Amino acid sequence: MSKSMESSCNNNRELTRVFIWSVPRTLGTALTKCLSYVDGIQVINEPFVSAFNFGPESLRANPGAETNTDPVKKFMDSASAVQNVFEKAFDDSKFTYGWVRQQLEAEYPGKKYLLVKDQAFCLNEKYDNIPPGFRHVFLIRHPYKVYPSWKRVLTKLYNLVHDPASLTDLEELNHQPYGMVEMQFNLLKYVQENLDPNPVIIDSDDLQNNPASTLRQFCEAVGIPYNDSLLEWPGNRDIMKTWIGSRIALQGNLLENEGGFYENALRSSSFLPGTATPNRSELSEDVLKVADDALPFYEQMYQMRLKP
């Protein structure tokens, strides 16, 4: 990694910069994988997720924290033991919020496009760490789809399959603030008022059910070239080797059956048609409470989305 990638510098005006903000379980990794095959693109994968979860400012960085013995610590230890095949992976000790901003501002010689994908809630409302010069994209999904899936992931991560916990308890274990869809909406309003008056909003159902139209409109809106070859890609994880990100996070996704949040996305080769939105009666009471709280924020963003 060249020194220019680690130092704060003036934005390269020839570099098209795009930031995708999502919440978990919205197909963000599949979209990132798809776009990784655009010629001349550099991907930075979830730098604020790494600052939030693994960096020096993370709650998990406190030696006295209860989570030093939790499954996330086990995941970090297991990921550290995986052979490093990532040329552009950084040690997690670097991932302060300020250092992440430096990477977002850096020049990337030889690249035409910089694509950053991240989780909105992991910014933790530290809005001053978003530099100017990006086109912003918000990837949304119906809360009745997001939260059941998110509960399944956290239940597996915290090894509570046989000792069920409520979704809010799982999110507290995960040091996650309540209301991640609301935090995504608040970030959208901040971006509109301060950084990008016309951010792009994509619903993951549109991406699944109308991938050609949705991708074409997305690419036109942010200045990335579109062609139909983006509709299919290799069904392996090799493209991850080109990504910049946390060594723990990147290596962790090479683990089998141990918290790999993105296993299906990284093995995908296209966008498959989506499933129907669950009925309220299909959701557990704890999931329904959280999803209903998120619904008004999702619906406002949905009205502003790209329409296929």
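Residues numbered from 1 in each chain as written. Predicted model: local features only at pLDDT ≥ 70, side-chain atom pairs only at ≥ 80, totals over all residues. Heavy atoms only, no water.

Positive phi values are uncommon outside glycine, yet L27 reaches one of about 75°. Along the polypeptide, L27 turns up in the loop between β1 (16-22) and α1 (28-35). By relative accessible area, which is 23% here, L27 ends up partly exposed. Of note, E46 is a non-glycine position whose phi angle comes to about 50°, a positive value. Residue classification places E46 among the buried residues on the basis of a relative accessible area of 4%. (Helix = DSSP H or I, 4+ residues; strand = E, 2+ residues; numbered from the N terminus. Buried < 20%, exposed > 50% of the residue type's maximum accessible area, 1.4 Å probe, protein only.)

Next up on the list: α1. Of all the eight residues making up α1, eight are buried; the element is thus mostly covered by neighbouring parts of the structure. Among all positions of α1, only G28, T29, A30, L31, T32, K33, C34 and L35 are buried.

This paragraph deals with the environment of S246. In this structure, S246 sits in strand β7 (residues 245-246). Look at S246 and you get buried, because its relative accessible area is 1%. Spatially, the C-alpha atoms of S246 and F95 are 7.8 Å apart, while their sequence positions differ by 151 residues. With near-sequence residues (within four places) excluded, S246 lies in contact with S50, F54, F90, D92 and F95. (Contact = heavy atoms within 4.5 Å.)

For strand β2 (residues 41-45), the tally of buried residues reaches five of five residues, placing the bulk of the element in the interior. Burial of the side chains of β2 extends over both faces: I41, V43 and N45 are buried on one face and Q42 and I44 on the other. Here β2 pairs with strand β4 (residues 113-119) via five bridges, running parallel. Bridging from a neighbouring strand, V43 pairs with L115 of β4. (Pairing = 2+ DSSP bridges.)

Turning our attention to the pattern of salt bridges. If you walk through the whole model with that rule in mind, you get 11 salt bridges. Between D39 and K112 there is a salt bridge whose closest N-O contact spans 3.8 Å. Of this pair, D39 sits in the loop between α1 and β2 while K112 sits in the loop between α4 (97-105) and β4; the two residues are 73 residues apart in sequence, bridging distant segments of the chain. (Salt bridge = Lys/Arg side-chain N within 4 Å of Asp/Glu carboxyl O.)

Our focus in this paragraph is the sheet that holds strand β6 (residues 200-203). With parallel pairing, five strands are arranged side by side in an open sheet as β2-β4-β1-β5-β6. Every other strand in the sheet has two partners, leaving β2 and β6 as the edge strands with one partner each. For this sheet the average axis-to-axis angle between neighbouring strands, irrespective of direction, equals 20°. Strand direction decides the pairing type here: β1 and strand β5 (residues 134-140), joined by five bridges, are parallel. What sits directly across from W21, in β5, is F138. Strands in contact with α1 are β1, β2, β4 and β5; relative to β4, the strand with the most contacts, it is inclined by about 170°. (Axes fitted to C-alpha atoms, helices over the stretch in contact; angles between N-to-C directions.)

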